[in-house]
Number of protein chains: 2
Amino acid sequence: MAKAAKKFVYTFGDGKAEGSAQMKELLGGKGANLAEMVKLGIPVPPGFTITTEVCGIYFKSNNKLPAALGKEVKAAIKQTEKITGKVFGNPKKPLLVSVRSGAPASMPGMMDTILNLGINDEVAEGMVDLFGDARFVYDAYRRFVMMYGDVVLGVHRHAFESLVEETKERLGVEEDTEIPAKELKKIVKQSKQIIKKAGHKFPEQPMDQLWGAVEAVFSSWNNPRAITYRQLNHIPPQWGTAVNVQTMVFGNMGEDSATGVAFTRDPAVGTKVFFGEWLRNAQGEDVVAGIRTPHGLSLESGGDESLEVCFPAAYKKLFGIQRKLERHYKDMQDLEFTIENGKLWLLQTRNGKRTGFAAVKMAVDMVDEKLIKREDALLRLDPEHLNHLLRPVFDAQARQDAKELASGLPAGPGAASGRIALTAEKAMEMAKAGPVLLVRHETSPEDIAGMNAAEGILTARGGMTSHAALVARQMGKVCVAGCGDADINYSAGTVTVGNSEYKEGDFLSLDGSTGKVLDGQIDTVPSEVVQVLIDKTMKPKDSAVFQTYDRLMSFADKFRSLKVRTNADQPDQAVRAISFGAEGIGLCRTEHMFFGEGKIGPMRQMILAETEKDRRKALKKLLPLQRKDFAGLFRAMKGKPVTIRTLDPPLHEFLPQDDEEIANLAQEMGVTADDIRTKIRLLHEFNPMLGHRGCRLGISYPEITEMQAQAIFEAAIQVSKRGGEVYPEVMIPLVGNVEELRLQEQIVRDTAERVFEKKGASVPYMVGTMIEIPRAALTADQIADVAEFFSFGTNDLTQTTLGMSRDDSRDFLEKYKDLSIYSRNPFEAIDQDGVGQLLKIGVDRGRQTKKDLKIGICGEHGGEPTSIEFCQQSGLNYVSCSPFRVPIARLAAAQAMLKSGTKKRAAKAKPKAKAKPRKAARRR
Amino acid sequence: MAKAAKKFVYTFGDGKAEGSAQMKELLGGKGANLAEMVKLGIPVPPGFTITTEVCGIYFKSNNKLPAALGKEVKAAIKQTEKITGKVFGNPKKPLLVSVRSGAPASMPGMMDTILNLGINDEVAEGMVDLFGDARFVYDAYRRFVMMYGDVVLGVHRHAFESLVEETKERLGVEEDTEIPAKELKKIVKQSKQIIKKAGHKFPEQPMDQLWGAVEAVFSSWNNPRAITYRQLNHIPPQWGTAVNVQTMVFGNMGEDSATGVAFTRDPAVGTKVFFGEWLRNAQGEDVVAGIRTPHGLSLESGGDESLEVCFPAAYKKLFGIQRKLERHYKDMQDLEFTIENGKLWLLQTRNGKRTGFAAVKMAVDMVDEKLIKREDALLRLDPEHLNHLLRPVFDAQARQDAKELASGLPAGPGAASGRIALTAEKAMEMAKAGPVLLVRHETSPEDIAGMNAAEGILTARGGMTSHAALVARQMGKVCVAGCGDADINYSAGTVTVGNSEYKEGDFLSLDGSTGKVLDGQIDTVPSEVVQVLIDKTMKPKDSAVFQTYDRLMSFADKFRSLKVRTNADQPDQAVRAISFGAEGIGLCRTEHMFFGEGKIGPMRQMILAETEKDRRKALKKLLPLQRKDFAGLFRAMKGKPVTIRTLDPPLHEFLPQDDEEIANLAQEMGVTADDIRTKIRLLHEFNPMLGHRGCRLGISYPEITEMQAQAIFEAAIQVSKRGGEVYPEVMIPLVGNVEELRLQEQIVRDTAERVFEKKGASVPYMVGTMIEIPRAALTADQIADVAEFFSFGTNDLTQTTLGMSRDDSRDFLEKYKDLSIYSRNPFEAIDQDGVGQLLKIGVDRGRQTKKDLKIGICGEHGGEPTSIEFCQQSGLNYVSCSPFRVPIARLAAAQAMLKSGTKKRAAKAKPKAKAKPRKAARRR
């Protein structure tokens, strides 16, 4: 049987469609949803979709479309003509189409679109005859020529725009709409001349126009904006875009036409209200670009100017459609509609972008509405969205005292203060020195890098669905949009907000939850979740935000098997992490404890000591200080496991650098400054990351490990004697050979026995190791002979496995990302192909030796969702991350569990709540 | 069935023995050979061996001997008594024994020995009655008490020695032998008092004496000397020593007694002559310690003083025995014999230590004598021995002009010049600054570290078999022993040789092949092998040394499957390596080429360039210089493969450090010195080993790779057009991700095509990669998609796999060796447990993708025998090492093949002589 030829084109219209919502990968999100809507009986202008596969073929064959495509497109055009009764290029009944991109993942505004395709001189004349409105026709024509010249032929749009400006100046009019038809016709002609001068020819034949547009849309997949967006959103470059060719409908065909955007729920805060904006006699672009400020849809939000009042029948129909679509897709929908001469058309539906807060609230609400299951709620959230619930707001007092300058739309919630930057470039540059607010008339896709660098965004124009608002919410940035009282003068480098003038570099503040613009710098305070959980300045019942958070967390905890711990070395950090749900400390870095008041002195004396005796003298001073720190941690953790890593960094990190400090230290120690400088020189290493650090220190100076173990066990006994539960896990870093661990373990156990005997009491404890260099993973079977637990230190494991210094790779890793060598920074998301192999080897071999070996991860990756999913797949018992990422990790762990579909198996491997210690008996 | 009890004691004597030569592991070398000799019918004093297993039990059970041992020892003593007719502790017919260590590997003089055990006051009296010689008896007695006090009871021997000195002074005599019996008896008494004062009791009961001595010998396994020796000779600490208890025979029982040492061939040069030394009326220790200078055995070597003349019957018997033993063991034997009242006893036979040169010559000769097979000859050599054949001799002219000061014994061949050091400590210290000669009256096991540090050793006393001579030969050190004309004054820090006085720190020279001591510093010249092969200053037929070398190499090449290449980046290095048998260049480091005349300037300009244009300008200057270097290499290699690694080190390594150079460079480049300092600062890295280097440079600056590829291919075409064969293999360093390789490979291939097209010719070539970071090994299957060959860079792979910087680990690796964490320095011998796993993973996965992938190694390990064996096991195709190690690698490769016993399989996997290039056709 011959292999079925690939189908390149999928048609839709008139209640029938070849595609469906399931075919997003092939048809793109837009194409798949257009097909689906048609099937649901929703009015959609007919047309067809050219598949993403064609995009792949196009790039692979050096920008050539497959031969077979021509025939399919022609057939699809024929079918569209049949449904609409219009004919492509026929002046009597002209078919005009839009040509739009549509990738499997939403990439709003990143790629090219061409409208009104199909017009030429002859068709224009015919349209004038048909509609009687020459101004409308020639306005559409000149827009098409300009767009085509810009997008397809690569002639800069400035040339076309200045034609319009000159005409308005000559005629003494202000608005584009005031230019008469005759002048518009002249502009069309002049535009074509500009194209000709640039060495191109404007194609008069509609089919030629179409092919040019299709290629341009495919090509735009690889424009710099789209590439940046894909990188920021981790969209693989090989996906490609589909092309949607669809009959034009006109929202600007007069006063009985309109266009708008709608959301089935409020995308900013998530409440279940029908929400959107519209403009009479306008094209969709006018709403999105934010050039005219649009009105609300419902009576409640738009009053007399609402769609509900102005187009009651269409509103009612639209309201019904949006309910149907949300129920059908079981998610909040973002719709585009057009009313042409009173008739409602749906141009697009997609899962709507939303703030993190709204995403969480909608997910929780939809569970309560029984629209979705808890599992669905968990799986559809981006764990990073939880950041939005945890982000700071203004300090109440400071906020009260602050001067309100103006109001805009609350387009991205949260509070931000920063210095004004008037261009994206400037924002990126200034962001290196401190927080920045990007202040623009309106933003465009060119600005995304600057938006990413800024804390908040303020625009003078545009609505809740403007580019600035959409992107800011997705990025989790504070945004106030459409603030008409902000007057920006780019050339003078000033912004006047209300009555106050600010220069670029001055401070301003934004409340993205209320839309207020405020004077100067205002202190921010923690989010409501933080206020309830940590500061206890708010009661749970008073915070709807907290309740939503709490409910989601309860879903997550129900479905996850991975434990979540935190990296903390101070009691306050530990308390915060517990409030966020941490189930233990996965990494207490003891070196941080040496930088505190009164500690760095003895630490330096210890390092500079020439003999073991002097070293022990200095360590004796450190012992009570360390003991106190550990006792604080143990009390805070109330019996939850506390993994304490023995001293890790190279000793020179503790030594003073500047002359004054060196002189002081010399005096304290009774030596000369030069003595100290000599010692510092001696401790210098070529590659300190690979030098004398980790357990190598404890092997060279066993007395350091001994002091730390003594402090740990004395603190543990102290807390335990006062009735507290304690569970220390002593972790030896940088082990590459089981003998290293054996030597250090012996010191820890001997010290524990000594302390227990002296104090007449004991506590349960474990001794384990970091797996953070390749040799440790490769010999994990041997290491597990001694270790009672493993913790993967994926920071160092990444550095050694990739032979790449985290501190030195920033610059070339940028280039590596551009070249797609690594799709994500391996220091952010675990490199599953490389480091991940060693992690799996480490787990497998460790468990070969000890079946129930407890295994966790404590590198930065422990709080990163894709890495957490990998940890689940690899059979880890817990992840450990910074306190503020604990909720994110809990959610990600639940997702990982649900995705693994192996709940039972994992649950079986789940460790007992508390592993049995090897030597010490449980405290009475 | 009950498990048979372990047997702890093996007896021998009277033609019967429970052990055999095959049981070295259990009985130690000495014990096994004693048993074997007895079985061969050779006269051996009867006795028994306590096994090495007992040594293990002794240490494991905290220095307790197993209970069952007592009974077995008693039975063995009984049997010895029965054979000899003597009885332990019986004054009428006393049995005296020696108690000696004997490990599976020879450790001469490292452990303790006790002689004359069994004497007490009563036995001494009986012996006087029996032998009539009271002086002999009390001399033996006082030696035993001193030895026992020192070795078993830990009382310092100085105390005993001063008793002897005082007595001699009081009596006004010079020699020990002049002390009369009465005084010796007094010394025995006083010695016992010294022991008592030190808190011990001298055991009068022979069985008590025996147990003390047995424990002392076992304990001496872990004395510092023995530990150092084991580390130097890679002997595992868990082997342990056996203890040999053997009836004493006395070479010092009068003028019809004698003792001596013999070799079946000359241990210095390997010729087949019966060789040895003896002393009349002496104990064996007297010969070894070199206190009296002994005579030759044969008439030829010893003249009137020879054993052949003085003890003709015993000589004849001994001559027969040595022939028999060599034929039996099929190796040169080192014998100890004693003549007691005219009767010959053999006390020991073992494979004799020998110089590297002698080892090679004997092995080759024994093949020619049909005594052994070529395989045996190859397997018994330590590849490092070849060093001895390649080591320098004095420059002939300089030697002629040099002043001969004195003559000693030619105990360790080769030529050495250095500064005089009079103690081992001083030698170690001074060796840091330059070559050192250790000059001592005689050496002792305490001196081995100092001997190791020195280039050569000169002793005033002792013979060819003295401690100094034995150890020096084994270490491959130059040694002149027994130079009576050297008068050393330790306290004044001077040496007088002949008539000239030298201070510590002055220069002296030694010819270890002739025994001459020479004035001042003398230039050395290459060995004969080098003179024949490289300098061509000698004809092959004129050099027996060369012929032996050449024959051994022909054996090696016959049996090896691994190819041997060299690491070289200059034509002269390449020529030398080819002479030594290199079959290609495995690593040409292009960075070395940038340090030459006229190159570093443009290189620095390239690095400091701000734009690609400026960079290309500087690269243009480098192109012809690189091309010339490559052309030279290609010509030298005559069509053998040349693996060229593209630029690898971080760029800052090329930049000037001192102010003057910076100022010069600034002037050349027309910038300020501060500009250059800023750039140097910007290029600074925290961990340069893990930083912006290797292929990362070529990815950041593709124009560098392009220039290098252009230079390679233009040079190749140039040489090829003049009729030369060329075969470049371009190697991309530090690849961790196949995409890195793909990008660099494309540049190389594009450049090759461009050059080939322009020149109208092409050459075959390959593009491959280093596997030197763990991720490369782990993803070798992907990398092999692009790479045409792999070369393991085990230096960096060791650094990254162990997370250990080679430059920063020297100090703590010392400690790690002491603690047995790593048995060998992983930067010297491949860490098979860790790095070795990655190497095997890399090979397996690479060959999964490309079955015939050519794989080599180019790290320092490529010239180290145990690593070469591992490479053979892992299925590599070649090793690459420095030119002077090529012969060693050839021999090691043959051994690896013979040990693997898989000749056929490996031969099958052997790559074709020349792999087919992928794109370019073979040059016409």
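Just above sits the structure.
Bear in mind the structure is a predicted one, so any value in this text is a computation, not a measurement.

Basis of the calculations
Residues numbered from 1 in each chain as written. Chains lettered and ligands numbered in written order. Predicted model: local features only at pLDDT ≥ 70, side-chain atom pairs only at ≥ 80, totals over all residues. Heavy atoms only, no water. Helix = DSSP H or I, 4+ residues; strand = E, 2+ residues; numbered from the N terminus. Rg over C-alpha atoms; globule rule 2.2 N^0.38 Å. Buried < 20%, exposed > 50% of the residue type's maximum accessible area, 1.4 Å probe, protein only. Areas by Shrake-Rupley, 256 points an atom, 1.4 Å probe, with all protein chains shown as cover. Lys, Arg positive; Asp, Glu negative; His and termini not counted. Charge placed at Lys NZ, Arg CZ, Asp CG, Glu CD. Pairing = 2+ DSSP bridges. Axes fitted to C-alpha atoms, helices over the stretch in contact; angles between N-to-C directions. Least-squares fit on C-alpha atoms with pLDDT ≥ 70 in both. Contact = heavy atoms within 4.5 Å. Buried area = accessible area lost by both parts, 1.4 Å probe. Salt bridge = Lys/Arg side-chain N within 4 Å of Asp/Glu carboxyl O. Polar contact = N/O pair within 3.5 Å; in protein donor to acceptor, adjacent residues only side chain to side chain. Phe/Tyr/Trp six-rings, centres within 6.5 Å; stacked < 30°, edge-to-face > 60°. Arc of directions from axis to C-beta. Parallel < 35°, antiparallel > 145°, perpendicular 65-115°, else oblique. Nonpolar A, V, L, I, M, F, W, Y, C, P; charged D, E, K, R; others polar.

A. Examining the overall build of chain A more closely. Check the secondary structure of chain A and you find 38 helices and 32 strands. The globule rule puts the C-alpha radius of gyration for 924 residues at 29 Å, and the 32 Å found for chain A is close to it. The C-alpha extent of chain A, read off along each of the three principal axes, is 105 × 75 × 55 Å. The buried share of chain A, taken over its 924 residues, is 59%. Surface accessibility of chain A: about 37300 Å² in total, with carbon and sulfur atoms responsible for 49%. Positive and negative charge centroids in chain A, built from 128 and 119 side chains respectively, lie 7 Å apart.

B. Spotlight on the sheet that holds strand S19 (residues 486–489) of chain A. Residues and elements named next belong to chain A. The strand order across the open sheet built from 3 strands is S19-S20-S21, with neighbouring strands paired in antiparallel fashion. For this open sheet the edge positions go to S19 and strand S21 (500–503), each flanked by a neighbour on one side alone. Averaged over all adjacent pairs, the angle separating strand axes in this sheet is 20°, with direction ignored. With 4 bridges joining them, strand S20 (residues 494–497) and S21 adopt antiparallel strand pairing. In the sheet register, Val-495 faces S21, and the bridge partner there is Tyr-502.

C. Representation of the sheet that holds strand S26 (residues 585–589) of chain A within the structure. All names here are of chain A. Strand order in the closed barrel formed by 8 strands is S25-S26-S27-S28-S29-S30-S31-S32, and the pairing between neighbours is parallel. Pairwise comparison of adjacent strand axes, ignoring direction, gives a mean angle of 30° for this sheet. Direction of pairing for strand S31 (residues 854–857) relative to strand S32 (residues 878–881): parallel, over a ladder of 2 bridges. Each residue of the ladder has a partner; that of Gly-856, found in S32, is Tyr-878.

D. Molecular detail of the relation of the copies chain B and chain A. Take chain B, turn it by 179°, move it 0.0 Å along the axis, and it overlays chain A with an RMSD of 0.1 Å. Both copies are brought into coincidence by an operation consistent with a two-fold rotation axis.

E. Representation of the interface of chain B and chain A. With 46 residues of chain B at the interface, the matching set in chain A holds 46 residues. For the pair chain B and chain A, the two sides together bury roughly 3900 Å², of which 57% comes from carbon and sulfur. Scanning the region where chain B abuts chain A turns up 2 salt bridges. Note that B:Arg775 and A:Asp831 form a salt bridge whose closest N and O atoms lie 2.7 Å from each other. Scanning the region where chain B abuts chain A turns up 24 residue pairs in polar contact (both at pLDDT 80 or more). Every element with two or more residues in the side of chain B that touches chain A is listed here: helix H28 (695–700), helix H30 (738–759), helix H31 (774–778), helix H33 (794–802), helix H34 (810–818) and helix H35 (835–849) of chain B.

F. Here's a closer look at the packing of aromatic side chains. Tallying each qualifying case throughout the model produces 42 aromatic pairs over all chains. Here the aromatic rings of B:Phe136 and B:Phe250 are separated by 5.2 Å at their centres, their planes lie at 85°, and the arrangement is edge-to-face. Residue B:Phe136 is located in helix H5 (residues 134–152), and its partner B:Phe250 is located in the loop between strand S6 (242–247) and strand S7 (258–263); the two are separated by 114 residues in the primary sequence. Here B:Phe136 matches B:Phe250 in class, with each residue buried. Taken together, the ring pairs in this structure connect A:Tyr58, A:Phe59 and A:Phe218 into an aromatic cluster.

G. Representation of unusual backbone geometry within the structure. All names here are of chain B. Positioned with a positive phi, Asn-341 is a non-glycine residue whose angle comes to about 50°. As for its position among the elements, Asn-341 is in the loop between strand S10 (333–340) and strand S11 (343–351). Residue Ser-820 is not a glycine yet carries a positive backbone phi of 55°. Relative to the elements of secondary structure, Ser-820 occurs in the loop between H34 and H35.

H. Examining the pattern of salt bridges more closely. All names here are of chain A. Under the definition given, this model contains 111 salt bridges over all chains. Put simply, Lys-185 and Glu-125 hold a salt bridge, and the shortest N to O gap is 3.2 Å. Placement of the pair is Lys-185 in helix H7 (residues 181–197) and Glu-125 in helix H4 (residues 121–131), with a sequence separation of 60 residues. Overall, Lys-185 belongs to the partly exposed group, its relative accessible area being 42%. Judged by its relative accessible area of 37%, Glu-125 is partly exposed. The salt bridge involving Glu-404 is made with Lys-516; its shortest N-O contact spans 3.7 Å.

I. Fine view of the side chain of B:Arg230. All names here are of chain B. Mapped onto the elements of the fold, Arg-230 is located in helix H9 (residues 224–232). Buried within the structure, Arg-230 lacks any salt-bridge partner; its nearest side chain of opposite charge belongs to Asp-818, at an N-O separation of 11 Å. A distance of 2.5 Å separates the side chain of Arg-230 from the backbone oxygen of Trp-221, its partner in a polar contact. Polar side-chain contacts of Arg-230 include one of 3.0 Å to the side chain of Asn-222. Other than its neighbours up to four places away in sequence, Arg-230 contacts Met-107, Trp-221, Asn-222, Ile-235, Pro-236 and Pro-237.

J. Helix H26 (residues 659–669) of chain A, seen in detail. Residues and elements named next belong to chain A. For H26, the full list of buried residues reads Ile-662, Leu-665 and Ala-666. All buried residues of H26 lie within an arc of 105° about the axis, which places them on one face of the element. Relative to its buried face, H26 has exposed residues pointing more than 90 degrees away, namely Glu-660, Gln-667 and Glu-668. Buried-residue contacts for H26 involve helix H24 (600–608) and helix H27 (673–683). Among the residues trailing H26, Gly-670 stands out with phi positive, at a value near 70°.

K. Looking closely at the environment of B:Arg230. For B:Arg230, a relative accessible area of 4% translates into the label buried. Considered as a pair, B:Arg230 and B:His684 are 454 residues apart in the sequence and their alpha carbons are 43 Å apart.

L. Just the packing of helix H2 (residues 52–60) of chain B against helix H8 (residues 206–220) of chain B, in detail. Residue and element names in this part refer to chain B. Where H2 contacts H8, the two axes come as close as 10 Å, and the packing angle between them is 85°. Considering the angle they form, H2 stands roughly perpendicular to H8. In this structure, H2 uses Val-54, Cys-55, Tyr-58 and Phe-59 to contact H8, whose residues at the interface are Glu-215, Phe-218 and Ser-219. A class-by-class count of the residues in the contact of H2 with H8 yields 5 nonpolar, 1 polar and 1 charged.

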